[in-house]
Amino acid sequence: IARGESILSGKTAVGTYSYNSSAGDLRFANSNDGKEYIQVNCTEDIEIASITITTSNSGNVPMRFESLDASEVIYTGNVPAKAPYNIDLRTSEKAKFGCRICLTKSGQQYQIKNIHVKYRSR
């Protein structure tokens, strides 16, 4: 996701996904079990301050927020259903310079409605 761009414009680093424009969601089908990632990159002059993610799932969704090399984990747990959930990266050592959102799927379809990335100057 580049600065000012929306996840729904297709600026993603995931392997396979389907975008249902009528529902307005980014859907990760449950037929592809395993791990998929949404990757947020930074240019040299900015860093990630926070990421707010909203799903349209009917139940809580397990997610993991980590640095690009997976050496620092910011959050592992449930993102509540249909409510914006904010992950603060300002105190992070590494993830604020680039973050991955890890979706571990086991028969669950992820329906991501919105990802809002806030940047700040380094």
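Residues numbered from 1 in each chain as written. Predicted model: local features only at pLDDT ≥ 70, side-chain atom pairs only at ≥ 80, totals over all residues. Heavy atoms only, no water.

(A) Representation of the nonpolar core. Core analysis: the largest hydrophobic core is formed by 25 residues, its most contacted members being Ile48, Ile51, Met63, Phe65, Ile101 and Ile112. At the level of secondary structure, the elements contributing two or more residues to this core comprise strand 2 (25-28), strand 3 (34-41), strand 4 (46-55), strand 5 (61-67), strand 6 (73-79), strand 8 (98-105) and strand 9 (110-121). (Core = buried A, V, L, I, M, F, W, Y, C linked by side-chain atoms within 4.5 Å. Buried < 20%, exposed > 50% of the residue type's maximum accessible area, 1.4 Å probe, protein only. Helix = DSSP H or I, 4+ residues; strand = E, 2+ residues; numbered from the N terminus.)

(B) Focus on the environment of proline 62. Tracing the chain through its elements places proline 62 in strand 5. Owing to a relative accessible area of 33%, proline 62 belongs among the partly exposed residues under this scheme. For proline 62 and glycine 77, which are 15 residues apart along the polypeptide, the C-alpha to C-alpha distance reads 5.4 Å. Discounting residues that sit within four places of it in the chain, proline 62 has contacts with Gly77, Asn78, Gln108 and Tyr110. (Contact = heavy atoms within 4.5 Å.)

(C) Structural view of the packing of aromatic side chains. In total, this model carries two aromatic pairs according to the counting rule given. Note on tyrosine 75 and tyrosine 85: the rings are 5.3 Å apart at their centroids and 45° apart in plane angle, and the pair reads as tilted. Placement of tyrosine 75 in strand 6 and of tyrosine 85 in strand 7 (residues 85-88) is noted, with a sequence separation of ten residues between them. These aromatic residues form a ring-pair network of at least three members: Phe65, Tyr75 and Tyr85. (Phe/Tyr/Trp six-rings, centres within 6.5 Å; stacked < 30°, edge-to-face > 60°.)

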